[in-house]
Amino acid sequence: MIEKKGVGMWLTHLVLILGIATVAFPIYVTFVASSLTLSEVLDAPMTLVPGSHLIENYSTALFSGTQMNATPVAGMLFNSLVMALVIAVGKIAISLLSAFAVVYFRFPFRMVFFWMIFITLMLPVEVRILPTFKVVSDLGMLNSYAGLTVPLIASATATFLFRQFFMTIPDELVEATKIDGAGPMRFFRDVLIPLSRTNIAALFVILFIYGWNQYLWPLLITTDNAMDTIVIGIKRMLAAGDDQIEWPVVMATSMLAMIPPVFVVVAMQRWFVKGLVDSEK
Amino acid sequence: MRVRVGYSNKLLPYILVAPQIVVTVIFFLWPASQALYQSVQRQDPFGLRTRFVGLENFQTIFEDPGYLHSLQVTAVFSLSVAALALGLALLLAVSADRVIRGATAYKTLLIWPYAVAPAVAGVLWMFLFNPTIGSVAFALKAMGHDWNHLLDGGQAMVLVVLAATWKQISYNFIFFLAGLQAIPKSLIEAAAIDGAGRNRRFWTIILPLLSPTAFFLLVVNIVYAFFDTFGIIHSVTSGGPARATEILVYKVYYDAFEALDLGGSAAQSVILMVIVITLTVVQFRWIERRVHY
């Protein structure tokens, strides 16, 4: 293109580097704090050079938690992982099935079902907090993995995405499988799913992060510390009352809460960008 | 919707949609209808009887200075977040679009805050700005600005806006960059040949072509600031000090679970529903077809 040299280019790089530095600064400070002792953190201004207590703080967090909130973070990580995986896989599975039904079958109430799914777009948890909580509590699903995941599994976005994609698959493919004697489920399993692979990967990244980062929902339906996800666990560690917050352990936990989703985004960057752009269409 | 070459099976399609529909009815439609129903009911103080009160709950809400204040807080909060996040992301995206060397590295380093949970983002910024130990608070103090967001409502607002913006920039950046890369280079080159400088080209060619993306992002950012920032507010300020950061979603939660005002909370939920529906309709009707990726 044009004007790829000169002062302007240096300015452009400078803007980007400043941007990255600003974006990274809070994470860097968190990392440094997670490698210091409590008294080093409290000694304002806190040093910006990593200390030597990294492993100690992380193992305290992972295996015993803070003194006030004596819940090991390892368990929280497990809960978050279960929640993120079940939500991502569950949403993808039930959306694949319903998109398949809506696109490839003609049946009464097809459009009613389609609109019912569409409406869920307009009903985020935040607008129906209390009644949803009541349903879950009536069903005896409080403090359970089912309660954490099942109510979040319906997905209009994923259903639309798969519907859109299925509609681009040529009719000839369906006809060919029919001539070869394959029934609908065979077609679904051996043709549609393999063709949807990239879409599934892209959605998985987005949904994994969505599930991992849930806050309001687990806050509502878990009261048992053993069911805490890591994001909720951090909040509980901060509620230390009159005691001094154990910052190094809290910051180590924050790092542990960020590593899995950030890893997924960076490792699957191509699918992540595709998923983000596709799911907003 | 077009039905294509398909299958004619009586039972199978119902079995296929069943899981999605069951979850939708039990956890979405039924609770939403309950919220609608409760919004016109009032419970006596002992929770023994409920009676129909029509639109009284809504009237009470709109006469409640606390609610009006929360509306105002929400407006300030979401407009600030949207403006800051859009502006900064656009600046970074335009820069990233210009560079060739290191473009991928810049991109990777800018997108990952998307993966950080809002509540965790809140905790990171709260730590930086902690009045006694935070690095930034210390630097501000050294420059003569006394920082204590636990006491000063305005400062608390700045803090949650910063945390919410920080997390949203990467999302906007990805969309702006995709939008910029979709602009034909020939257009820009033609303008350059005609003698338009860098700024002129940006304002008269790039920005107008980018405006559908920007408008789409504006709606998404407002939805984000309204609904997805609950974690930030709850973990950083709990709506305080003195309700200075009590956004609508936080107030619904607070009134339902802390103040136990069922009718009032349900009526607030209904108002939020109307807001989401409006924003969704705007997004689908006026934006969707005009966005260029």
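The structure under discussion appears in the preceding block.
A brief look at the structure comes next.

Cut-offs applied
- Along each chain, residues carry numbers from 1 onward, in the same order as the chain's sequence is written.
- Chains and ligands are labelled by the order in which they are written, letters from A for the one and numbers from 1 for the other.
- Local features in this predicted model are restricted to residues of pLDDT 70 or higher, and side-chain atom pairs are both shown and tallied only at a pLDDT of 80 or more, whereas totals for entire chains, interfaces and linings draw on every residue.
- In computing side-chain values, all of the structure's heavy atoms are included and hydrogens and water are not.
- Helix and strand definitions here come from DSSP, where helices need a minimum of 4 consecutive H or I residues and strands a minimum of 2 consecutive E residues; each element is numbered from the N-terminal end.
- Radius of gyration: over C-alpha atoms. The globule rule applied is 2.2 Å multiplied by the number of residues raised to the 0.38 power.
- Each residue is placed in one exposure class: buried if its accessible area under a 1.4 Å probe, protein chains only, is under 20% of its type's maximum, exposed if it is over 50%, and partly exposed if it falls in between.
- Stacked, tilted and edge-to-face are the three classes assigned to paired rings of Phe, Tyr and Trp, where Trp is represented by its six-membered ring and a pair needs centres within 6.5 Å; plane angles under 30 degrees give stacked, over 60 edge-to-face, the rest tilted.
- Ring-over charges, as used throughout, are those where CZ of Arg or NZ of Lys falls within 6 Å of the ring centre and within 35 degrees of the ring normal.
- Only C-alpha atoms enter the line fits that serve as axes; for helices the fit covers just the stretch in contact. Angles between N-to-C directions range over 0 to 180 degrees.
- Here roughly perpendicular refers to angles of 65 to 115 degrees, roughly parallel to angles under 35, roughly antiparallel to angles over 145, and oblique to all remaining angles.
- A clockwise turn of the near helix away from the far one marks a right-handed crossing, whereas an anticlockwise turn of less than a right angle marks a left-handed crossing.
- Note on contacts: a residue pair qualifies if any of its non-hydrogen atoms lie within 4.5 Å across the two residues.
- Only Asp, Glu, Lys and Arg are considered charged in this grouping, and only Ala, Val, Leu, Ile, Met, Phe, Trp, Tyr, Cys and Pro are considered nonpolar; every other residue, Gly among them, is considered polar.
- For any pair of parts, buried area is found by adding up, for both, the accessible area (1.4 Å probe) each one loses once the two are put together.
- Contacts described as polar in this section are N or O atom pairs within 3.5 Å, which, within protein, must combine one atom able to donate a hydrogen with one able to accept it, while residues neighboring in sequence count only if both atoms come from side chains.
- By definition, a salt bridge exists where a carboxyl oxygen of Asp or Glu is found within 4 Å of a side-chain nitrogen of Lys or Arg.
- Given the number of residues in a helix, its expected span is that number minus one, multiplied by 1.5 Å.
- The patch calculation keeps residues exceeding 30% relative accessible area without a salt bridge and links them within 9 Å when they carry like charges or within 5 Å when they are nonpolar (Val, Leu, Ile, Met, Phe, Trp, Tyr).
- Accessible surface area values rest on a Shrake-Rupley calculation with a 1.4 Å probe, where residue burial reflects the displayed protein chains alone.

1. A look at the overall build of chain A
Right, on to step 1. Helix and strand counts for chain A stand at 15 helices and zero strands.
Right, on to step 2. Expected size for 281 residues packed as a compact globule is a radius of gyration near 19 Å; at 24 Å, chain A overshoots this value by more than 25%.
Right, on to step 3. Seen through its principal axes, chain A has C-alpha atoms that stretch 75 × 65 × 35 Å.
Right, on to step 4. When each of the 281 residues of chain A is scored for burial, the buried share is 56%.

2. Structural notes on the packing of aromatic side chains
Right, on to step 1. One pass over the structure, following the stated rule, counts 37 aromatic pairs over all chains.
Right, on to step 2. A ring pair is formed by phenylalanine 100 of chain A and phenylalanine 105 of chain A, whose centres lie 5.5 Å apart and whose planes are at 85 degrees; its orientation type is edge-to-face. Each member of the pair, phenylalanine 100 of chain A as well as phenylalanine 105 of chain A, is classed as buried.
Right, on to step 3. Through successive ring pairs, a cluster of aromatic residues spans Phe100, Tyr104, Phe105, Phe162, Phe165, Phe166, Phe187 and Phe188 of chain A together with Tyr7 of chain B.
Right, on to step 4. Lying over the aromatic face of tryptophan 271 of chain A, arginine 270 of chain A brings its terminal NZ or CZ to 4.6 Å of the ring centre.
Right, on to step 5. Taking the ring centre of tyrosine 114 of chain B as reference, the NZ or CZ of lysine 167 of chain B above it sits at 5.2 Å.

3. Some points on the packing of helix 1 (residues 7–33) of chain A against helix 4 (residues 103–111) of chain B
Right, on to step 1. Contact geometry for helix 1 of chain A and helix 4 of chain B: axes closest at 9 Å, N-to-C directions at 30 degrees. Relative to helix 4 of chain B, the element helix 1 of chain A lies roughly parallel. Helix 4 of chain B is crossed by helix 1 of chain A, and the crossing has left-handed handedness. Contacts from His13, Leu16, Ile17, Gly19, Ile20 and Val23 of chain A in helix 1 of chain A reach Tyr106, Leu109 and Leu110 of chain B in helix 4 of chain B.
Right, on to step 2. For the contact of helix 1 of chain A with helix 4 of chain B, the residue count by class is seven nonpolar, two polar and no charged.

4. Examining the interface of chain B and chain A
Right, on to step 1. Between chain B and chain A, the residue contacts involve 99 residues of the former and 115 residues of the latter.
Right, on to step 2. Between chain B and chain A lies a buried interface of about 9,900 Å² when both sides are counted; carbon and sulfur atoms form 77% of it.
Right, on to step 3. On inspection of chain B and its partner chain A, the count reaches 12 residue pairs in polar contact (both at pLDDT 80 or more).
Right, on to step 4. For the side of chain B that touches chain A, the element with the most residues is helix 1 (residues 12–38) of chain B, which contributes 21 residues.
Right, on to step 5. When its residues are assigned to classes, the side of chain B that touches chain A shows 70 nonpolar, 18 polar and 11 charged.

5. Thoughts on the pattern of salt bridges
Residue and element names in this part refer to chain A.
Right, on to step 1. What the rule picks out here adds up to six salt bridges over all chains.
Right, on to step 2. The shortest N-O distance in the salt bridge between arginine 186 and aspartate 190 comes to 2.5 Å. Residue arginine 186 and its partner aspartate 190 are both found in helix 10 (residues 184–195); the two are separated by four residues, about one turn of the helix.
Right, on to step 3. By relative accessible area, arginine 186 is classed as partly exposed at 46%.
Right, on to step 4. Its relative accessible area of 39% is what places aspartate 190 among the partly exposed residues.
Right, on to step 5. Among the ionic pairs, arginine 189 bridges to aspartate 190, the shortest N-O distance being 3.7 Å.
Right, on to step 6. Taking the relative accessible area as the measure of exposure, arginine 189 reaches 53% and is therefore exposed.
Right, on to step 7. Taken together, the shared-partner salt bridges connect Arg186, Arg189 and Asp190 into one network.

6. As for helix 1 of chain A
Right, on to step 1. Taking 1.5 Å of rise per residue, 27 residues should cover 39 Å, and helix 1 of chain A covers 38 Å from first to last C-alpha, within 8% of that figure.
Right, on to step 2. All buried positions along helix 1 of chain A are accounted for by Met9, Thr12, Leu16, Gly19, Ile20, Val23, Pro26, Ile27, Val29, Thr30, Val32 and Ala33 of chain A.

7. Some words on unusual backbone geometry
Right, on to step 1. In this model, asparagine 143 of chain A sits at a positive phi of 55 degrees, which is unusual for a non-glycine residue.
Right, on to step 2. The partly exposed category is assigned to asparagine 143 of chain A, whose relative accessible area is 27%.
Right, on to step 3. A positive phi angle, near 50 degrees, is found at serine 238 of chain B, a position not held by glycine.
Right, on to step 4. Relative to the elements of secondary structure, serine 238 of chain B occurs in the loop between helix 10 (230–236) and helix 11 (248–257).
Right, on to step 5. For serine 238 of chain B, a relative accessible area of 39% gives the class partly exposed.

8. So, the environment of isoleucine 275 of chain B
Right, on to step 1. Within the secondary structure, isoleucine 275 of chain B sits in helix 12 (residues 262–287).
Right, on to step 2. If we skip the residues at most four places from it in the chain, isoleucine 275 of chain B touches Phe226 and Leu248 of chain B.

9. Quick word on a nonpolar patch on the surface
Right, on to step 1. A contiguous nonpolar surface patch, about 300 Å² in accessible area, is contributed by Leu139 of chain A together with Val22, Val25 and Ile26 of chain B.
Right, on to step 2. With respect to the secondary-structure elements, valine 22 of chain B resides in helix 1.

10. Comments concerning the side chain of histidine 234 of chain B
Right, on to step 1. With respect to the secondary-structure elements, histidine 234 of chain B resides in helix 10.
Right, on to step 2. Judged by relative accessible area, which is 8%, histidine 234 of chain B ranks as buried.
Right, on to step 3. If near-sequence neighbours (up to four positions away) are discounted, histidine 234 of chain B is found in contact with Tyr215, Leu219 and Lys235 of chain A together with Tyr250 and Tyr253 of chain B.

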